[in-house]
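The chain contents come next:
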Amino acid sequence: MARLLEYKAKETLARFGISVPRGEIAGDPESAIATAERIRFPVVLKAQAFITGRAEKGLIHFCKDADEARAAARQVLGRTIGGFPVDTVLIEEKLDISQELFAACIVSDEIPGPLAVFADRGGTGIEQMAQDGKTKLARRPFDPVAGLLPYEARTLAVKCGMEGKQIGAVADFLVKLAKAFLAEEARGLEVNPLAVTKDGRFFALDCHFSVDDYAAGRHPELGIEIAREIGHPPTELEKIAAAYEATDHRGTFYFLELGAGGEKPVGFHGAGGGGSMMSMDALVARGFTAKNFCDTSGNPSAAKVYRAAKHILAQKGIVGYFASGSGVASQEQFHSARGMVKAFREWPLYVPAVIRLGGNKEEVAIGILNEFLADLPIPVEAYGKDNSAEFCAGRLDALVNEHAPLEPYECTPTARSEDAGEEYAFDIRTGTISFDHTICIRCEDKPCIESCHVEILEVVDGKPRLREPADESAHRCTECLACELACFKAGMRSISIKLPIPGFEEYITRRGAR
Amino acid sequence: MSILVNENTRVIVQGITGREGQVRTRLMQGYGPKVICGVTPGRGGEETQGLPVFDTVADALKQVGEFDASVVFVPAGFAADAAMEAMDAGIKLVVIVPDRVPLHDVLKLHKFAAERKARFLGPNTLGCLSPGKGVLGMMGGSPDAAREFFMPGRVGVTSRSGGITSSIAYYLKKAGIGASTIVHVGGDSIVGLPHPEILKLFEEDDATDAVVMFGEIGTTQEERVAEMMRRGAFTKPLVAYIGGRQAEEGTRFSHAGAIVEGGRGAYSSKVEALRDAGAVIVESFEELPAETAKVLEGMKK
Ligand code: SF4
Ligand code: SF4
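Residues numbered from 1 in each chain as written. Chains lettered and ligands numbered in written order. Predicted model: local features only at pLDDT ≥ 70, side-chain atom pairs only at ≥ 80, totals over all residues. Heavy atoms only, no water.

## Looking at the domain arrangement of chain B
All names here are of chain B. For chain B, the domain assignment lists domain 1 (1-125) and domain 2 (151-301). With centres defined by C-alpha atoms, the gap from domain 1 to domain 2 works out at 27 Å. Listed as interface residues are 17 residues of domain 1 and, on the opposing side, 19 residues of domain 2. Roughly 1400 Å² of surface becomes buried between domain 1 and domain 2 when both sides are summed, with 61% attributable to carbon and sulfur atoms. Across the contact surface, domain 1 and domain 2 share zero salt bridges. On the surface where domain 1 and domain 2 come into contact, there are eight residue pairs in polar contact (both at pLDDT 80 or more). Breaking the side of domain 1 that touches domain 2 down by element, the ones donating at least two residues are helix 4 (103-115) and strand 7 (119-121). (Domains from an automatic or database assignment. Contact = heavy atoms within 4.5 Å. Buried area = accessible area lost by both parts, 1.4 Å probe. Salt bridge = Lys/Arg side-chain N within 4 Å of Asp/Glu carboxyl O. Polar contact = N/O pair within 3.5 Å; in protein donor to acceptor, adjacent residues only side chain to side chain. Helix = DSSP H or I, 4+ residues; strand = E, 2+ residues; numbered from the N terminus.)

## Re the site of ligand 1
Around ligand 1, the structure places A:Phe435, A:Cys440, A:Cys443, A:Lys446, A:Pro447, A:Cys448, A:Pro464, A:Cys487, A:Met492, A:Ser494 and A:Ile495. The site holding ligand 1 turns out to be the second largest cavity. (Near = heavy atom within 4 Å. 1 Å grid on protein atoms, 1.4 Å probe; cavity = no way out; pocket = protein on both sides within 12 Å on 5 of 7 lines; lining within 4 Å. Sits in = over half its atoms within 2 Å of the grid points.)

## Focus on the domain arrangement of chain A
The domain boundaries assigned to chain A delineate domain 1 (22-93), domain 2 (97-222), domain 3 (236-402) and domain 4 (423-498). Computed over C-alpha atoms only, the centres of domain 1 of chain A and domain 4 of chain A are separated by 57 Å.

## Brief notes about the pattern of salt bridges
When their charged atoms lie close together, side chains carrying opposite charge are able to pair. Tallying each qualifying case throughout the model produces 50 salt bridges over all chains. It is possible to trace a salt-bridge network through shared partners that takes in A:Glu6, A:Lys10, A:Lys46, A:Arg54, A:Glu92 and A:Asp206.

## Some details on the sheet that holds strand 14 (residues 280-282) of chain B
Residue and element names in this part refer to chain B. Pairing in this open sheet of seven strands is mixed, and the strands run 9-8-11-10-12-13-14 from one edge to the other. Because the sheet does not close on itself, it has two edges, and the strands there are strand 9 (134-137) and strand 14. For this sheet, the mean inter-axis angle between neighbouring strands, taken without regard to orientation, is 15°. The sheet contact formed by strand 13 (residues 238-243) and strand 14 spans three bridges and is parallel. If you follow Val239 over to strand 14, its bridge partner there is Val280. Set on the sheet, helix 6 (residues 162-174) makes contact with strand 10 (152-159), strand 11 (179-184) and strand 12 (210-216); between it and strand 10 the angle comes to about 155°. On the sheet, helix 10 (residues 267-276) packs against strand 12, strand 13 and strand 14 and is oriented at approximately 175° with respect to strand 13. (Pairing = 2+ DSSP bridges. Axes fitted to C-alpha atoms, helices over the stretch in contact; angles between N-to-C directions.)

## Quick word on the packing of aromatic side chains
Inspection of the entire model under this criterion finds 17 aromatic pairs over all chains. Ring centres 6.5 Å apart and planes at 35° place the aromatic pair A:Phe268 and A:Phe322 in the tilted group. Highlighted residues: A:Phe268 in strand 15 (residues 265-271) and A:Phe322 in strand 18 (residues 320-325), separated in sequence by 54 residues. Side by side, A:Phe268 and A:Phe322 carry an identical accessibility label, which is buried. Linked through ring pairs, B:Phe149, B:Phe150, B:Tyr170, B:Tyr171, B:Phe214, B:Tyr241 and B:Phe285 together constitute an aromatic cluster. The ring centre of A:Phe288 lies 4.4 Å from the NZ or CZ of A:Lys264, which sits over that ring. Sitting over the face of the ring of B:Phe112, B:Arg116 holds its NZ or CZ atom 3.5 Å from the ring centroid. (Phe/Tyr/Trp six-rings, centres within 6.5 Å; stacked < 30°, edge-to-face > 60°. Buried < 20%, exposed > 50% of the residue type's maximum accessible area, 1.4 Å probe, protein only. Lys NZ or Arg CZ within 6 Å of the ring centre and 35° of its normal.)

## Details of the interface of chain B and chain A
If you look at the interface, chain B gives 60 residues, while chain A gives 63 residues. For the pair chain B and chain A, the summed buried area comes to about 4900 Å², and 56% of that belongs to carbon and sulfur atoms. Taken together, the connections running from chain B to chain A amount to five salt bridges. We note a salt bridge from B:Lys111 to A:Asp143, for which the minimum N-O separation is 2.9 Å. Linking chain B with chain A are 13 residue pairs in polar contact (both at pLDDT 80 or more), by the criterion used here. Of all the secondary-structure elements, those providing two or more residues to the side of chain B that touches chain A are helix 1 (19-31), helix 4, helix 5 (143-149), helix 6, helix 8 (221-231), strand 13 and helix 9 (255-261) of chain B. Its residues assigned to classes, the side of chain B that touches chain A shows 20 nonpolar, 22 polar and 18 charged. (Nonpolar A, V, L, I, M, F, W, Y, C, P; charged D, E, K, R; others polar.)

## Things to note about the nonpolar core
Formed by 96 residues in total, the largest nonpolar core has its most connected members in B:Leu4, B:Leu238 and B:Leu274. Look past the residues within four positions of B:Leu4 in its chain and what remains in contact with it is B:Thr9, B:Leu93, B:Arg119, B:Leu121, B:Cys128, B:Leu136, B:Val183, B:Leu193, B:Ile198 and B:Leu201. In this structure, A:Ala343, A:Trp347, A:Phe372 and A:Ile497 belong to the second largest nonpolar core, which totals 73 residues. (Core = buried A, V, L, I, M, F, W, Y, C linked by side-chain atoms within 4.5 Å.)

## A few points about the environment of A:Gly275
Within the secondary structure, A:Gly275 is located in helix 8 (residues 273-285). When the C-alpha positions of A:Gly275 and A:Gly327 are compared, they lie 7.3 Å apart, and in sequence the two are 52 residues distant. In this view, A:Gly275 contacts A:Ser324, A:Gly325, A:Ser326, B:Ser161 and B:Ile164; residues no more than four positions away in its chain are not counted.

## Quick look at unusual backbone geometry
The omega torsion across A:Glu468 and A:Pro469 is -10°, close enough to zero to call that bond cis. Looking at the element boundaries, A:Pro469 is found in the loop between strand 24 (463-466) and helix 15 (470-476). Along the chain, B:Gly122 connects to B:Pro123 via a cis peptide bond; the corresponding omega equals 5°. Secondary-structure assignment places B:Pro123 in the loop between strand 7 and strand 8 (127-130). Phi angles above zero are rare outside glycine, and B:Arg100 is one such case at about 70°. Within the secondary structure, B:Arg100 sits in the loop between strand 6 (93-96) and helix 4. Residue classification places B:Arg100 among the partly exposed residues on the basis of a relative accessible area of 27%. Non-glycine residue B:Lys117 carries a positive phi angle of around 50°.

The structure is reproduced here in structure tokens:
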């Protein structure tokens, strides 16, 4: 589940009438000082990062003047957390606090439904406090449509020992919190601490806000860049992947860099949540570290799998490529095989790979991988449902021990590399298919025609083209890549299917070196 | 018998004219049970796969009679609404196949279903399949693959991961162990019929001798299964494998979550609870068929 950084979470709470300290964000020490001066010292400077216990980690500073603010900003900005840099700080007014409480709305799978939680103490260590017998904690399920009703909220307040005016104030706060929770379709919304100031006002001092990824599209106001749980601000490659995925709804493609170093980093390409998890477990059991998490599932097109494979290969420092899902997939597996073939020959693959594509039509998938990748100078082994993820991780281990990563080398891609002498091209859903008809007239068998399972290609005057009506035919292309592979296999390489990933090549060039 | 689906189940398909709807309708027609008709708003009066299409579930009901189950293939954002339509028309079991159904839609659907005494499997489920009898959803993919992967028998399978569901059943089959019904409860944190509900059904099913369960970190499903076993609400042998042992923990649970769940949800919590309750825990997926065979062997004595 995607999370909101603290400042964004507080902005959201404020929209529902919940009080938050006055604050603004800054990205460098100078603007941090300017911001602090606007807000007026003393201020609190807080690193914006997904991490708990920031105070102990030196990521929250109290500053009484510009010098302290500069020092604090310098100290915090650019620090890396879990392998990813901090690039934003939140600067807030410092409040006079007399009491810290805890309030949250979560989804309980046991009810199942939303649950409001309130406690008479809050702040760091609330989990331990909740168990020490001195904390009054109350919870109450509420209706997912009607929300938390005022009397229900008052009951929670009273149960936790609130008295007098505080009962009404707490109830008012909880009702608003539940309203924000339902309206924004949160998975969890937690205010800790909920601060009471000396003059009796209630402020959300910190907030943990996790969003339902599946509903993120209905909430543009939350500004979610990648609707997934990631423990860091999105990296460039992750953003490129997510931006692409947002435009292609067929199947799922999700790419996440895992940041942390470790022994034997491997590019990981999973299929389906459970199968991916099991496959990662198998990798870890062999002493590997997954460099990334990647999932292509839900019947993705070959084109989508090709793009995913490119993201995986683009990571620096991997020693192997491991693709494995559940092993007994209901989807036809050859789409993934074709996508990988195109990517592996194009990049080209520089580390040993073990590809486990088990399930529906796996024999075809394995055949494709073996046939089209046999000539690479680095081994690729393909397996199906009768070989477990554990076995495959073991194979990768053996291969990695024998084959160090290769330097870039010459490899013939499946697509035509040269410009066409006589180009015939048409747009498909996420790219373009281009033929060189000067090559096609020399081609005897024209295997591209047969290979197209939706039968949208035909030969006219010795040249393949779309069946009329051409627009409709192009629309029916499933981006299966079979025609390009068939043409390559015939030794012709007339076809080039271009499948752009916006921002990808620019990123690679900027970053330098394959 | 079997649970949730058998050869006589009468099925209506919502979203029958879409890509997935058509392919999976062919699966159900080719493997069983009885697909009667489909619904796509605006396409009423047409025909697809030799079946009539109606604009609404209520229309279909009026024209062709009762259904035991609806299988939903509409886009995720409309899935809960489609399920409500089916339940409101009186259908008691809805299988919601699409992935990425918004959580709060599912919460509302839970309330709606409870008020109408209806049940739903999913969302984000491959569905359920009773080998040789029928499938609701997309398990197996095609009739041929389904026949290749699954074999009738007396072990119930319930799983939180789609791919793993088929894997378990297939590996059991290779070890000569057949299944009574194979259920994918759905991959999301809130589903209509979580493991405890499925185990209740298996407990009452006279065609099921033992159950194999695939659990995952997160949610309290597996811990609640353990509670059921301790209470005597589930008494058949249970073989369980819990995935996600190496997955990063902690970040996914908020404080409130941790306080409310009280440690439940973690790998160790699930394994300990189940083991204490008498389940056989398998540490690696590979051992599952052999352990299950042992359990069945032990029952004969
Ligand atoms: S196989 Fe290639 S060269 Fe032959 S006709 Fe088709 S596109 Fe042209
Ligand atoms: S033209 Fe046909 S063979 Fe080529 S990618 Fe499209 S669907 Fe596949």
